[in-house]
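Spelled out, the chains give:
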Amino acid sequence: MIASPLLRADLADEIGLVAVGGDLRPERLLQAYRHGVFPWYNDGEPICWWSPDPRAIFELDSLHISRRLARTICSRRFHVTVNRDFAGVMRGCAFRPEAGTWITDDMIGAYERLHVLGHAHSLEVWQDEELAGGLYGVAIGGFFAGESMFTRRRDASKVALVHLMDRLWRRGFQLFDIQFLTEHTARLGAIEITRRIYLKRLAAALACPATFS
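Below you will find a few notes about this structure. Keep in mind that what you see is a predicted model, and the values were worked out from it rather than measured. (Residues numbered from 1 in each chain as written. Predicted model: local features only at pLDDT ≥ 70, side-chain atom pairs only at ≥ 80, totals over all residues. Heavy atoms only, no water.)

### Some words on helix H4 (residues 105-116)
In this model H4 runs 17 Å from its N-terminal to its C-terminal C-alpha over twelve residues, within 8% of the 16 Å that 1.5 Å per residue would give. Summarising the contacts, the buried residues of H4 are in contact with helix H1 (26-34), strand S2 (38-39), helix H3 (86-94), strand S6 (120-127), strand S7 (130-140) and strand S8 (143-151). Where H4 terminates, the next one or two residues include Gly118, which has phi positive at roughly 90°. (Helix = DSSP H or I, 4+ residues; strand = E, 2+ residues; numbered from the N terminus. Expected span 1.5 Å × (residues − 1). Contact = heavy atoms within 4.5 Å.)

### Regarding the pattern of salt bridges
Counting across every chain of the model gives twelve salt bridges. Across the pair Arg201 and Glu59 runs a salt bridge, and its minimum N-O distance is 2.8 Å. Of the two residues, Arg201 sits in helix H7 (residues 195-206) while Glu59 sits in the loop between strand S4 (55-58) and helix H2 (67-75), which places them 142 residues apart along the sequence. Within the structure, one salt-bridge network assembled from shared partners comprises Asp23, Arg25 and Glu27. (Salt bridge = Lys/Arg side-chain N within 4 Å of Asp/Glu carboxyl O.)

### Thoughts on the packing of aromatic side chains
Inspection of the entire model under this criterion finds nine aromatic pairs. Note on Phe173 and Phe212: the rings are 6.3 Å apart at their centroids and 85° apart in plane angle, and the pair reads as edge-to-face. Here Phe173, found in the loop between helix H5 (156-170) and strand S9 (175-179), pairs with Phe212, found in the segment after H7; they are 39 residues apart in sequence, far enough to count as distant. Here the two residues Phe173 and Phe212 agree in accessibility, since each one is buried. Through a chain of ring-to-ring contacts, three or more aromatic side chains come together here, namely Phe58, Phe144, Phe173, Phe176 and Phe212. The ring of Tyr198 carries Arg55 above its face, with NZ or CZ at 4.1 Å from the centroid. (Phe/Tyr/Trp six-rings, centres within 6.5 Å; stacked < 30°, edge-to-face > 60°. Buried < 20%, exposed > 50% of the residue type's maximum accessible area, 1.4 Å probe, protein only. Lys NZ or Arg CZ within 6 Å of the ring centre and 35° of its normal.)

Purely geometric stuff here, so don't read any function into it on its own.
Right under this line is the structure:
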């Protein structure tokens, strides 16, 4: 295992793996995000650092909102908060007994430390004072890295995503990274861009004076 690997996107191999090893200290994580790299690994494995090519993003004006989702939002069945229960959101995202999870106890601890330092944020969706869904991610300047989301009630995670994108747009964010494209995020309007374009947009976003909270 490499003790302190260099975390730069230009070091990625053909599958997007940048390095193996290191730690999840706040300064290490922030260095990684600033260089287009993020951690992703399974419990019991060494930390793996990735910079995939292509990279998935949401353009802040491109979310596809179905009529049913629009009705759900307008019904005010859900109530959305920001940074009210970061730990609860992380644990909600991690609880996937059938599919398994990459959100290990070490990852939870690391991102909770980032949250205390003001770099990691959550959006919570509540129904009748119960946590129905939410998402969390990392913000640096005008860059937001969406890490994971979960739902316990139908459409709760989508409601969180709508509120997040509105918040990012209103506060002047420039780049919303979601790392990998899935069928679900593609249906919502996510796209892929090359690593070269991503890194150029990342540099511009990091220089932007936007703030999340």
